[in-house]
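This is what each chain is made of:
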Amino acid sequence: MSHQMHKACDFVLFGAKGDLAMRKLFPALYQLDAAHLLNPDSKVIGVARADWSQEEFVAQVEATLNRFLKEGEFDAEVWNRFSARLDYVKVDMTAPDDFKKLGQAIDQSQRVMVNYLATPPSVFGDICKNLSYAELINDETRIVLEKPIGHDLESSKVINDTVAAYFNENRIYRIDHYLGKDTVQNLLALRFANNLFNSQWNNHAIDHVQITVAETVGLEGRYSYYDKVGQMRDMVQNHLLQLLCMVAMNPPSKLDADSVRDEKVRVLKALHPIDSTNVHKRAVRGQYAAGSIDGKAVVGYSEEDGGGQSQSNTETFVSLRVNVDNWRWAGVPFYLRTGKRMPEKTTEIVVVYKNNPHYIFDKKQQDMVSNRLVIRLQPDEGIRLHVVMKQLGMTEGLNLQNRALNLDFTSDDPNHRTPDAYERLLLESMVGDQSLFVRRDEIEASWTWCDQLIDAWDETGDEVKHYNAGTWGPIGSIALIERDGRSWHEE
Ligand code: NDP
């Protein structure tokens, strides 16, 4: 994670007309320019099949910025600078000669070529092959891959092998956009720059950890894609396991990309298997039925557009009790939960500390919540430490209360703007730092563990349990944690 100005690059955006490019990537590139983080000589080259002229392309980007930047963020001076970097080349990814045309817009003697593939993985192979055909790959050329990298271990290997035929691992940047969030990086600082936390980050002090990634949205018209995938592959395999790794990993000896990623792989390999022998106790899968979100009625999964009232067994909710089999975490469960159509959109990690071994206060107060560290990734990023204090003032006896030490990242500076995760990741791909990208062995270790769990659901004929939209999942999810004498964190 470097802050030096990167070498000038040709940032080539494949899939420039797509939703991801328009909604997230162009706004992120613009914000980097606004913050003077782009090398003055860097270019942004949009690549798509659309029959756009250069002017039409620039007008499309301007329109998308006006739509997706927040009010007041579009600035004429920044736009002049940014629009001068833009170039467009019409390319069909399957047409080799189109890549020769692309080559004319690239200058590898002056700039590093960074290829961002915001396309379906089915065209990754064609893009790599044709970049090679047009002699656009040299030792410095990088490739950035969007998820999903496969739908299981085998298919992920096929994608990785295809790309590896043209690019060395140290030129491949696999995106998990959760790793670009400020608070996730702050977790590294919190853990490894503060002995207060570092010395208490183990099974002596910590009782359990909860990780929740909840969305209020349903399928947003993506039924045909989602029904083949489900929440386990779409969210757990990547985002939740990445967050778990950031919490559970041992301190790396250095902060370079491979030292960090070596530690994450160790965690993934230490995950206790969930298979047909324990899946009923360790995993709950659900599917939303009709209900209401923010007072508005919403349909159930099978009534979504494209669902056709089907009897799909695809899960839209998963909760898991995961153990990490090593000395640091022996006996400390990690409860993971993620779902669609939840009551609120939230992503948070809650580290729950053990109670003191002997209680000396009034027993009536013994149920008071133990110390908790709440690391919130969205909606408002921040870290809160819950502590038990004496109630202020004169009372009879020593009455306790829960208070929170609040590190709200927005309160220090009223002009603070939390950068979108993609801003950080795009910048790092230009700088050439892979710390926040996922290495091949991480993907494979995570699929190995997830495949076993998904197979166990198939083998045992596990049926999804329905939950009403606007609730925290099926009742079994509450039972999963309450069986252990614990409960999901609520504020
Ligand atoms: P879209 O379908 O909106 O865009 C995909 C782009 O790829 C389109 O511009 C399409 O071109 C282009 N494309 C596909 N096949 C070809 C081809 N043979 N030749 C040239 N262009 C081609 O998808 P998204 O933008 O939503 O997603 C892109 C990738 O990113 C997907 O793999 C998705 O899973 C992933 N992703 C998306 C997220 C999002 O928020 N949208 C979030 C995380 C990951 P054309 O317009 O000409 O059809």
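Our structure's up above, just so we're on the same page.
Residues numbered from 1 in each chain as written. Predicted model: local features only at pLDDT ≥ 70, side-chain atom pairs only at ≥ 80, totals over all residues. Heavy atoms only, no water.

**Q** What is the right way to read helix α15 (residues 475-482) from this model?
**A** Three or four residues apart is the spacing at which side chains of an α-helix point the same way, because the helix has 3.6 residues per turn. The complete set of buried residues in α15 reads Ser477, Leu480 and Ile481. Along the long axis of α15, the arc covered by the buried residues comes to 85 degrees, so they all point the same way. Lining the buried residues of α15 we find β7 (206-214), α12 (279-282), β8 (283-289), β11 (317-322) and β12 (334-339). (Buried < 20%, exposed > 50% of the residue type's maximum accessible area, 1.4 Å probe, protein only. Helix = DSSP H or I, 4+ residues; strand = E, 2+ residues; numbered from the N terminus. Arc of directions from axis to C-beta. Contact = heavy atoms within 4.5 Å.)

**Q** Would you explain the pairing of β8 in this entry?
**A** Both faces of the sheet carry side chains from a regular strand, because those side chains alternate between them. The buried count for β8 comes to six of seven residues, which makes it a mostly enclosed element. As paired strands, β8 and β11 are joined by four bridges and run antiparallel to one another. Residue Ala283 lies in a different strand from β11, and its bridge partner there is Leu320. (Pairing = 2+ DSSP bridges.)

**Q** Sorry, what's going on with the packing of aromatic side chains here?
**A** Between two aromatic rings, the relevant description is the distance of the centres plus the angle of the planes. All told, the structure shown has 19 aromatic pairs when counted by the stated rule. Consider the rings of Phe11 and Tyr116, whose centres lie 6.0 Å apart with planes at 45 degrees: the pair is tilted. Taken together, the positions of Phe11 in strand β1 (residues 9-14) and Tyr116 in strand β4 (residues 112-117) put the pair 105 residues apart, joining distant regions of the chain. Given the relative accessible area of 0%, Tyr116 is considered buried. With a centroid separation of 6.5 Å and 70 degrees between ring planes, the pair formed by Tyr288 and Tyr467 is classed as edge-to-face. Of the two residues, Tyr288 is situated in strand β8 and Tyr467 in strand β17 (residues 465-468); the sequence distance between them amounts to 179 residues. Judged on exposure class, the residue Tyr288 and its partner Tyr467 are both buried. Ring pairing ties together the aromatic residues Tyr223, Tyr226, Tyr288, Tyr301, Phe317 and Tyr467, which thus form one cluster. Between Lys100 and the ring centre of Tyr133, over which it is positioned, the NZ or CZ distance is 5.0 Å. For Arg337, the ring lying beneath its charged end belongs to Trp488, and the centroid distance is 4.1 Å. (Phe/Tyr/Trp six-rings, centres within 6.5 Å; stacked < 30°, edge-to-face > 60°. Lys NZ or Arg CZ within 6 Å of the ring centre and 35° of its normal.)

**Q** How should I be thinking about unusual backbone geometry in this particular structure?
**A** For residues other than glycine, phi is negative in most cases, and the peptide bonds are mostly trans. The omega torsion of the bond from Lys147 to Pro148 falls at 0 degrees, within 30 degrees of zero and hence cis. Along the chain, Pro148 turns up in the loop between β5 (142-145) and α6 (153-164). Gln378 connects to Pro379 through a cis peptide bond whose omega is 10 degrees. Residue placement: Pro379 occurs in the loop between β14 (372-378) and β15 (382-390). In this model, His36 sits at a positive phi of 55 degrees, which is unusual for a non-glycine residue. Tracing the chain through its elements places His36 in the loop between α1 (19-34) and β2 (43-48). Here Glu135, not a glycine, exhibits a phi torsion of approximately 55 degrees, which is positive. On the secondary structure map, Glu135 appears in the loop between α5 (124-133) and β5.

**Q** What's the story with the sheet that holds β11 in this structure? I'm lost.
**A** Strands belonging to one sheet form pairs held by backbone hydrogen bonds; the direction of such a pair is parallel or antiparallel. Across the sheet, nine strands lie side by side as β16-β15-β14-β13-β7-β12-β11-β8-β17; this open sheet has mixed pairing. At either end of the open sheet lies a strand with only one pairing partner, and these are β16 (400-408) and β17. Within this sheet the neighbouring strands show an average axis-to-axis angle of 20 degrees, counted without direction. Both β8 and β17 contribute to a ladder of four bridges, which runs parallel. Counted as the bridge partner of Gly286 is Lys465 from β17. Of the strands in this sheet, β7, β11, β12, β13 (346-353) and β14 touch helix α10 (residues 230-248), which is tilted by about 145 degrees from β12. Packing against the sheet, α15 makes contact with β7, β8, β11 and β12, and its axis sits at approximately 10 degrees to β11. (Axes fitted to C-alpha atoms, helices over the stretch in contact; angles between N-to-C directions.)

**Q** What's the story with the site of the ligand in this structure? I'm lost.
**A** Among the 18 residues in the neighbourhood of the ligand, the closest are listed as Asp19, Leu20, Arg23, Arg49 and Met93. Between an oxygen atom of the ligand and a main-chain N or O atom of Gly18, the distance comes to 3.3 Å. Looking at the shell around the ligand residue by residue, the class counts come to eight nonpolar, three polar and seven charged. (Near = heavy atom within 4 Å. Polar contact = N/O pair within 3.5 Å; in protein donor to acceptor, adjacent residues only side chain to side chain. Nonpolar A, V, L, I, M, F, W, Y, C, P; charged D, E, K, R; others polar.)

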